[in-house]
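The lines below spell out each chain.
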Amino acid sequence: MHAKTAGALRRDAIGLRDVLFQSVTAMAPAAAVAASIPSGAAFAGGSLPLSVLIALVACLFTASCVAELARELPAAGSVATYAARGLHPAVGFLVGWAYVFVEMLVPPLLLLQLGFTVAGTLHAEWSAYPADLWWPWALAGAVVIACAGYLGVRASARFGTVLGVFEILVLLVFAVLLIGGAGSANTLSVFGTSHTPDGYAGVSGVFAGSVYTVLAFAGFEAAAPLAEETRDPRRTMHRAVLGAALGIGLFYVLTTYAMTVYFGPDRFAAFGASGAASWEGVARASFGLFWVLVFLAVVNSTIANANACANVSTRTAFALARIRVLPGVLATLHPRHRSPVAGIAVQTVVAVGAVLGLGLAYDPVTAYLLLATVIVTVVVGVYIVVNLSCAGYFLRSGRASLKPVRHLLFPALGSAAFIPALLTAAGLPVFDFVTELTAPVSYAGPVVGAWLAVGAVVLLVLIRRHPGRIAETARVHLDADDTDAERQGGAGVPPPPSQR
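Since this is a predicted model, take the numbers as computed values, not measurements. (Residues numbered from 1 in each chain as written. Predicted model: local features only at pLDDT ≥ 70, side-chain atom pairs only at ≥ 80, totals over all residues. Heavy atoms only, no water.)

Trainee: I tried to follow the overall build of the chain on my own but got confused; where do I start?
Mentor: Each helix and strand counted, the chain has 18 helices and 0 strands in total. Against the globule reference of 23 Å for 500 residues, the chain gives a C-alpha radius of gyration of 22 Å, in line with a compact fold. Taking the principal axes of the C-alpha coordinates as reference, the chain spans close to 70 × 55 × 40 Å. Considering the chain as a whole, with its 500 residues, one finds that 57% of them fall into the buried category. If you take every contact in the chain between residues at least 6 apart in sequence, the share linking residues at least 24 apart comes to 81%. For the chain, the exposed surface amounts to about 19,300 Å²; the carbon and sulfur share of it is 67%. Of the side-chain charges in the chain, 29 are positive and 24 negative, and the distance between the mean point of each set is 12 Å. (Helix = DSSP H or I, 4+ residues; strand = E, 2+ residues; numbered from the N terminus. Rg over C-alpha atoms; globule rule 2.2 N^0.38 Å. Buried < 20%, exposed > 50% of the residue type's maximum accessible area, 1.4 Å probe, protein only. Contact = heavy atoms within 4.5 Å. Areas by Shrake-Rupley, 256 points an atom, 1.4 Å probe, with all protein chains shown as cover. Lys, Arg positive; Asp, Glu negative; His and termini not counted. Charge placed at Lys NZ, Arg CZ, Asp CG, Glu CD.)

Structure (structure tokens):
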């Protein structure tokens, strides 16, 4: 490789707290509580807390698989490396190809939400502010994220930690206020099926609600691509992935319970993401200026999520570029910060282009829905492949390391849990609660199909001309570097200052 692209990401730069909040902020807890989870209320009604609890259990199966693979295979390639080792290097390439694509689309998704959330709130408070002047806020967010990424993983991870702590604290305080305000209305009946709406009564409504709320958990795996920059990555990655999924899952259960009992379980089917029957609406009506903190928490969540996913996309692109299955320029590192500066530049261009191109061609909300459908469809598909990869990897490792419950049962249950979510995200009306997608959101399927078709063509060309590069998707570079050091008699020698 060219001298300027040679070298490794900064080793031992961050610890458990940083990578934990990488996954936490990638799940966008405040934005999920305020927008994603209420989408299940129309089906589960006042039993939505039970739906969230079921979604938590379902996601923990896949989180366990990711955590097990992250401990065994600490690599910036993360899900691509897992699929390559557990199934086949060709599958690993296609997973990496798809994952880089959708993770590069997450920042523009969140920047669109940042834009229309801020513009809409300012217009509601001061009618003179144009409701359609959303794009300057989105561009400002893009600049902040690019600067954080350029300064390296320490700056980016610590920035995410601060943002993550703020949004969680605000929503936790609000949840306590809601529970206190509910008084005698507090009830555990919301963890049963008695409050589902008439059209989706009983278990069917709870199940439908859980399919929609399971999508709020996406992002728990986001710590994994930082493995090569983390201290004690095998142990830290495992704890961060599981800790984020469990911790934020319980946070979702608590906050959803709080709003359900305060608003009224039997009225909760009308609850949504905006208006009087929403988190901000309830805060405005009952808690005075506290709504400002809720608003800031949601805005904060969009920036934190975009920052975390920019880390994911640039590290995954770096991992694939250094083995030359993506253009080698994406492996370019800053000489001081050891940040993948070329990847950050590409990520910024993609973000700004998608935000302005789609947001102005349609409108920011429609563009948001289109990108969200593309992203969720691919991410849920990746989760299913990772579940299969977990089973494949440990079956190949032999009986000594195989734990049937953790490595076979959990992958099967995790895949089963995400298949309905995949069908729902794609708008395939297999279930009666799935809404068929309309244009332009329905374009998501063809977009995903076209990208995967291009990836298949690239894969065939690489197999024909450079088969060794595809095999390299299974390489764990930390292990390879340690082996090289041992061969040179340098085991235990700390990295040079430029890599610290």
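Now that the structure has been shown, we can carry on.
Trainee: Any chance you could explain a nonpolar patch on the surface here in plain terms?
Mentor: A cluster of nonpolar side chains, namely Phe166, Leu289, Val292, Leu293 and Leu296, defines an oily patch on the protein surface of about 400 Å² accessible area. Of the residues forming the nonpolar patch, the biggest block, 3 residues, is contributed by helix H12 (residues 290-322). Within the fold, Val292 resides in helix H12. Residue Val292 is classed as partly exposed on the basis of its relative accessible area, which comes to 30%. (Patch = residues over 30% accessible without salt bridge, like charges linked within 9 Å, V, L, I, M, F, W, Y side chains within 5 Å. Salt bridge = Lys/Arg side-chain N within 4 Å of Asp/Glu carboxyl O.)

Trainee: I tried to follow the side chain of Asn311 on my own but got confused; where do I start?
Mentor: Its location among the elements puts Asn311 in helix H12. With relative accessibility at 2%, the residue Asn311 sits in the buried group. In this structure the side chain of Asn311 is engaged in a polar contact, spanning 2.9 Å, whose partner is the side chain of Ser156. Apart from residues no more than four positions distant in its own chain, Asn311 is found in contact with Gln22, Ser156 and Leu226. (Polar contact = N/O pair within 3.5 Å; in protein donor to acceptor, adjacent residues only side chain to side chain.)

Trainee: Sorry, what's going on with the UniProt feature "domain: Amino acid permease/ SLC12A" (unreviewed entry) in the chain here?
Mentor: The feature "domain: Amino acid permease/ SLC12A" (unreviewed entry), as given by UniProt, occupies residues 19-435 in the numbering adopted here. A distance of 36 Å separates the end C-alpha atoms of residues 19-435, which is 71% helix and 0% strand. (UniProt positions renumbered as here; feature names shortened; annotations may be inferred.)

Trainee: Looking at this model, I keep getting lost on the pattern of salt bridges. Mind explaining?
Mentor: Under the defined criterion, the tally for this structure stands at 8 salt bridges. Note that Asp18 and Arg17 form a salt bridge whose closest N and O atoms lie 3.4 Å from each other. Across the pair Arg322 and Glu228 runs a salt bridge whose closest N-O atoms are separated by 2.5 Å. With Arg322 in helix H12 and Glu228 in the loop between helix H9 (203-213) and helix H10 (233-263), this residue pair connects regions lying 94 residues apart in the sequence. Both residues of the pair, Arg322 and Glu228, belong to the buried class. Put simply, Glu68, Arg71 and Arg406 are held in one network by salt bridges that share partners.

Trainee: What's the story with empty space enclosed by the protein in this structure? I'm lost.
Mentor: This model, assessed by the stated rule, comprises 5 cavities of 30 Å³ or more. In this model, the largest cavity occupies a volume close to 120 Å³. For the largest cavity, the lining is made up of 14 residues, of which Ile145, Ala146, Ala310, Gln347 and Thr348 are closest to its centre. Contributing elements (two or more residues each) for the lining of the largest cavity: helix H6 (89-125), helix H7 (135-150), H12 and helix H13 (341-361). Considered class by class, the residues forming the lining of the largest cavity number 8 nonpolar, 5 polar and 1 charged. Taken as a whole, the second largest cavity holds about 80 Å³ of empty space. Around the second largest cavity, the lining is made up of 14 residues, and of these Gly77, Thr81, Ala319, Thr473 and Arg475 lie nearest the centre. Listed by contribution, the elements that provide at least two residues to the lining of the second largest cavity are helix H5 (79-86) and H12. The element that contributes the greatest number of residues to the lining of the second largest cavity is H12, accounting for 3 residues. In the lining of the second largest cavity, the residues fall into 6 nonpolar, 4 polar and 4 charged. (1 Å grid on protein atoms, 1.4 Å probe; cavity = no way out; pocket = protein on both sides within 12 Å on 5 of 7 lines; lining within 4 Å. Points joined across faces, edges and corners; volume = space filled by probe spheres on them. Nonpolar A, V, L, I, M, F, W, Y, C, P; charged D, E, K, R; others polar.)

Trainee: Help me out: how do you make sense of the packing of aromatic side chains in this one?
Mentor: A ring pair, where both rings are aromatic, is described by two values, the distance of the centres and the angle of the planes. As enumerated under the stated definition, the model contains 21 aromatic pairs in all. A centroid spacing of 5.2 Å and a plane angle of 85 degrees characterise the contact between Phe217 and Tyr252, whose relative ring orientation is edge-to-face. Taken together, the positions of Phe217 in the loop between H9 and H10 and Tyr252 in helix H10 put the pair 35 residues apart, joining distant regions of the chain. A single burial state applies to Phe217 and to Tyr252, both of which are buried. On the numbers, 5.0 Å between centres and 20 degrees between planes, the contact of Phe220 with Tyr383 is stacked. Of the two residues, Phe220 is situated in the loop between H9 and H10 and Tyr383 in helix H14 (residues 364-397); the sequence distance between them amounts to 163 residues. Each member of the pair, Phe220 as well as Tyr383, carries the same accessibility label: buried. One residue, Arg267, lies across the ring of Phe263, its end atom 4.2 Å from the ring centre. Positioned over the ring face of Trp291 is Arg284, at 3.7 Å from the centre of the ring. (Phe/Tyr/Trp six-rings, centres within 6.5 Å; stacked < 30°, edge-to-face > 60°. Lys NZ or Arg CZ within 6 Å of the ring centre and 35° of its normal.)

Trainee: Which parts of the structure should I look at to understand the nonpolar core?
Mentor: One finds Tyr252, Met259, Phe271 and Trp279 to be the most contacted residues of the largest nonpolar core, which totals 129 residues. It is H14 that contributes the most residues to this core, 17 residues altogether. Apart from the residues within four sequence positions on either side, Phe271 is in contact with Pro38, Ala41, Met259, Phe263, Ala277, Ser278, Trp279 and Val282. The next biggest cluster of nonpolar side chains, apart from the first, holds 21 residues, and it includes Leu9, Ala90, Ala331 and Leu459. (Core = buried A, V, L, I, M, F, W, Y, C linked by side-chain atoms within 4.5 Å.)

Trainee: Which parts of the structure should I look at to understand the side chain of Asn305?
Mentor: Along the polypeptide, Asn305 turns up in helix H12. Residue Asn305 is classed as buried on the basis of its relative accessible area of 7%.

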